[in-house]
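Listed here are the chains, written in short residue letters.
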Amino acid sequence: MTPLLRTHFFVALSILSLLTCSNNAQLSTNFYDKTCPDLQTIVRNAMTQAINGEVRLGASLLRLFFHDCFVNGCDASILLDDTANFVGEKNALPNQNSARGYEVIDTIKTNVEAVCNGTVSCADILALAARDGVALLGGPSWEVALGRRDARTASQSDANNQIPSPFSDLATLTFMFAAKGLSARDLTVLSGSHTIGKAQCQFFRTRIYNETNIDTNFATSKRATCPASGGDTNLSPLESLTPNSFDNNYYTELVANRGLLHSDQVLFNGGSQDALVRTYSTNNAAFFSDFAAAMVKMSNISPLTGTSGEIRKNCRVVN
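Owing to the predicted nature of the structure, the values given are computational and were not obtained by experimental measurement.

Visitor: Could you give an account of the packing of helix 2 (residues 39–53) against helix 4 (residues 102–115), naming the residues involved and the relevant values?
Guide: Interaxial distance between helix 2 and helix 4 falls to 10 Å at its minimum, and their mutual angle equals 145°. The handedness of the crossing between helix 2 and helix 4 is right-handed. Every residue of helix 4 that contacts helix 2 at Leu 39, Ile 42, Val 43, Ala 46, Met 47 and Ala 50 is listed here: Val 104, Ile 108, Asn 111, Val 112 and Val 115. Of the residues belonging to the contact of helix 2 with helix 4, the class tally is 10 nonpolar, 1 polar and no charged.

Visitor: Summarise the nonpolar core; cite the residues concerned and give the values.
Guide: Within the largest apolar cluster, 76 residues are counted, with the highest numbers of intra-cluster contacts made by Phe 291 and Met 298. The residues contacting Met 298, other than those within four sequence positions of it, are Phe 65, Phe 66, Cys 69, Phe 70, Cys 74, Leu 182 and Leu 190. With 11 residues, the next largest nonpolar core counts Ala 199, Cys 201, Ile 208 and Cys 226 among its residues.

Visitor: Kindly report on helix 5 (residues 122–136), identifying the contributing residues and their values.
Guide: Each α-helix turn comprises 3.6 residues. Residues three or four places apart therefore point the same way. In a regular helix each residue adds 1.5 Å, so 15 residues correspond to 21 Å; helix 5 covers 21 Å between its end C-alpha atoms and thus fits that length. Judged by how many residues are buried, helix 5 sits mostly within the fold: 14 of 15 residues are covered. Gly 138 lies just past helix 5 and shows a positive phi near 100°.

Visitor: Got a sec to walk through the side chain of Arg 316? Specific residues and values, please.
Guide: Residue position: Arg 316 is located in the segment after helix 14 (284–298). In this structure the side chain of Arg 316 is engaged in a polar contact, spanning 2.8 Å, whose partner is the side chain of Asp 106. Filtering out sequence-adjacent residues up to four positions away, Arg 316 remains in contact with Leu 79, Leu 80, Asp 81, Lys 90, Tyr 102, Glu 103 and Asp 106.

Visitor: Help me get a handle on the confidence of the model for the chain, residues and values and all.
Guide: On average, residues of the chain score 93 in pLDDT, and 92% of them reach the 70 mark or higher. Per-residue pLDDT stays below 50 along residues 2–25; that stretch engages in 27 contacts with residues further than four places along the chain or on separate chains.

Visitor: Quick rundown of the pattern of salt bridges? Include the residues and the values.
Guide: Scanning the model with the defined rule gives 15 salt bridges in all. Salt-bridge contacts for Asp 81 lead to Arg 316; the nearest nitrogen and oxygen are separated by 3.2 Å. Of this pair, Asp 81 sits in the loop between helix 3 (57–69) and helix 4 while Arg 316 sits in the segment after helix 14; the two residues are 235 residues apart in sequence, bridging distant segments of the chain. Here Glu 211 makes a salt bridge to Arg 207, at a shortest N to O gap of 2.9 Å.

Criteria and thresholds
- Residues numbered from 1 in each chain as written.
- Predicted model: local features only at pLDDT ≥ 70, side-chain atom pairs only at ≥ 80, totals over all residues.
- Heavy atoms only, no water.
- Axes fitted to C-alpha atoms, helices over the stretch in contact; angles between N-to-C directions.
- Helix = DSSP H or I, 4+ residues; strand = E, 2+ residues; numbered from the N terminus.
- Left-handed = near helix turned anticlockwise from the far one by under 90°.
- Contact = heavy atoms within 4.5 Å.
- Nonpolar A, V, L, I, M, F, W, Y, C, P; charged D, E, K, R; others polar.
- Core = buried A, V, L, I, M, F, W, Y, C linked by side-chain atoms within 4.5 Å.
- Buried < 20%, exposed > 50% of the residue type's maximum accessible area, 1.4 Å probe, protein only.
- Expected span 1.5 Å × (residues − 1).
- Polar contact = N/O pair within 3.5 Å; in protein donor to acceptor, adjacent residues only side chain to side chain.
- pLDDT = per-residue confidence, 0-100.
- Salt bridge = Lys/Arg side-chain N within 4 Å of Asp/Glu carboxyl O.

Structure, rendered in structure tokens:
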């Protein structure tokens, strides 16, 4: 991206953030400027350290934020631990033994509390961490409107029903995104988050053994670490060309019928999103711009603001 294009890109995102905030006046990009001015530096430093230790955590935090926002809004409900008297979302099927990165949020929260006690919500920390994870892996950045508060409740049943499945078809995915106020275009660009991260064998076994719209050599290579039975938790990169870099190669792989998950390849399979996938596969700047805009949009799904919810002292438990 040229310096001029980058400048226009960030100006456009700034305008988009302001427009978003005007629709939800209680969220603001300067929400903590006076009460916790070092917040974004604290989050970025912790995310840098985390990714330097394990690059996969950038993808893990992004996925954690996605799974949080899709269940009753971006309210940090996914961070709540189960207790004897409380059932949270961590053990819902889309999250159990696969959602990760909770310890990174714990670290950031501890660091923030040391400087700004009882001020910053876990929901806002998660939103910032997801953004920084993308940027640190070479992806776009965007302004995050802040002022979310933390839920006191969670819903395992909603997590089971509202988070899209890796086995979903395009119609189902489009419907589930629309239920959250997100368009088919948002679906396609947010799926580009699979340019980083890994998936377990159990989630792509059917695709590499039974589906026909898949590159033969690609399927064979994936079978080496994902047997027809057993090895359910064996991992494979969601995108194999540049698995540790946030770029548009996810779409390059889809065009070549090398999408790892069924829910990936349905975006390029003779359907309504084919043209957009082709565009992103050859235009990284368009992908980055649209991805940042879609993340801003997703991060504003039903936030708790004002006096709703609370500011948790510990992200894993209600106060």
